[in-house]
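Remarks on the overall topology
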Amino acid sequence: MQLTLDLLKEKLTVWQGCDLAKTANAVLGEGNPHARIMFIGEAPGQREDELKRPFVGAAGKFLDELLTSIGLKREDVYISNVVKFRPPNNRDPEPIEKEQCMPWLMLEIAFVCPTVIVPLGRHSLGHFFPQKTITQAHGKPFKLTYSIHSKNSGQANSGEAEEITIFPIYHPAAALHNGNLRSSLQSDFRALGEFLKK
Ligand code: URA
């Protein structure tokens with residue numbers, strides 16, 4: 001059977017492999033299935049849970065502004081989350097919840113096959129570089145040999161390792177009420193824009 005993002009979404013909707021699925025709607029990533037760049041946040045919030053779409057609340061509006069500032073639209077990129085269900089009261093996801101939901105993110109990465117991944121915040125950064133902190137790593141590109149990667153051919157994946165770029169950025173929600181983080185995010189996006197031009 002051909003793998004499509006619609007099929008992944010359908011499967012995620014009935015999946016019960018994480019306890020959060022008992023209390024929240026499934027929210028898969030969305031965007032351009034051929035995107036060169038993929039943004040990965042933490043977990044859906046209230047608005048995302050209601051609309052079953054990633055980054056559609058206040059943090060999402062700020063993310064849209066940041067994308068526009070470097071000439072990108074949501075349709076150009078793919079946007080997803082580590083955890084696919086809203087944690088109660090927007091608490092931090094537990095390690096077990098991140099682990100249980102990880103196969104979905106891996107499938108999305110294998111499907112979209114981006115060359116640049118932008119982890120938004122520490123939960124997402126932790127998947128790629130468990131030893132790095134977002135405070136040290138934000139706004140800079142890092143090379144990573146990542147083993148789940150395949151061409152967007154409808155096949156699950158070829159299992160080949162490829163070198164991708166990880167460009168961590170603070171989570172837009174963290175910057176909503178903090179002016180310093182806001183300007184840090186804006187300048188990190190400028191750096192990302194310059195990097196993408198190369
Ligand atoms: N915060 C996230 O990490 N993801 C969303 O989809 C919305 C807010």
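All of the points below concern the structure found in this document.

Definitions and limits used
Residues numbered from 1 in each chain as written. Predicted model: local features only at pLDDT ≥ 70, side-chain atom pairs only at ≥ 80, totals over all residues. Heavy atoms only, no water. Core = buried A, V, L, I, M, F, W, Y, C linked by side-chain atoms within 4.5 Å. Buried < 20%, exposed > 50% of the residue type's maximum accessible area, 1.4 Å probe, protein only. Helix = DSSP H or I, 4+ residues; strand = E, 2+ residues; numbered from the N terminus. Contact = heavy atoms within 4.5 Å. Near = heavy atom within 4 Å. Polar contact = N/O pair within 3.5 Å; in protein donor to acceptor, adjacent residues only side chain to side chain. Areas by Shrake-Rupley, 256 points an atom, 1.4 Å probe, with all protein chains shown as cover. Axes fitted to C-alpha atoms, helices over the stretch in contact; angles between N-to-C directions. Parallel < 35°, antiparallel > 145°, perpendicular 65-115°, else oblique. Left-handed = near helix turned anticlockwise from the far one by under 90°. Nonpolar A, V, L, I, M, F, W, Y, C, P; charged D, E, K, R; others polar.

Here's the deal with the nonpolar core
Of all hydrophobic cores here, the largest spans 60 residues; its most connected members are Phe39, Phe85, Val118, Phe128, Phe189 and Leu192. Among the elements that take part in this core, helix α4 (residues 95–112) stands out by supplying seven residues, more than any other. Setting aside anything within four residues of it in sequence, one finds phenylalanine 189 in contact with Phe39, Leu63, Leu66, Leu67, Ser69, Ile70 and Ile169.

Observations regarding the site of the ligand
With respect to spatial proximity, the complete set of residues near the ligand consists of Gly41, Glu42, Ala43, Pro44, Glu48, Pro54, Phe55, Asn81 and His171. For the ligand, an oxygen atom lies 2.7 Å from a polar atom in the backbone of glutamate 42. Between a nitrogen atom of the ligand and a main-chain N or O atom of alanine 43, the distance comes to 3.0 Å. For the ligand, the accessible surface in isolation is 240 Å², of which the surrounding protein chains cover 92%.

Quick notes on the packing of helix α3 (residues 58–69) against helix α8 (residues 179–197)
It is the contact of α3 with α8, at a shortest axis distance of 9 Å, that shows an interaxial angle of 40°. Comparing their axes, α8 and α3 come out oblique. By crossing handedness, the relation of α3 to α8 is classed as right-handed. Residues Phe62, Leu63, Glu65, Leu66, Leu67 and Ser69 of α3 form the contact with α8, whose own contacting residues are Arg182, Leu185, Gln186 and Phe189. When the residues that make up the contact of α3 with α8 are grouped by side-chain class, the tally is six nonpolar, two polar and two charged.

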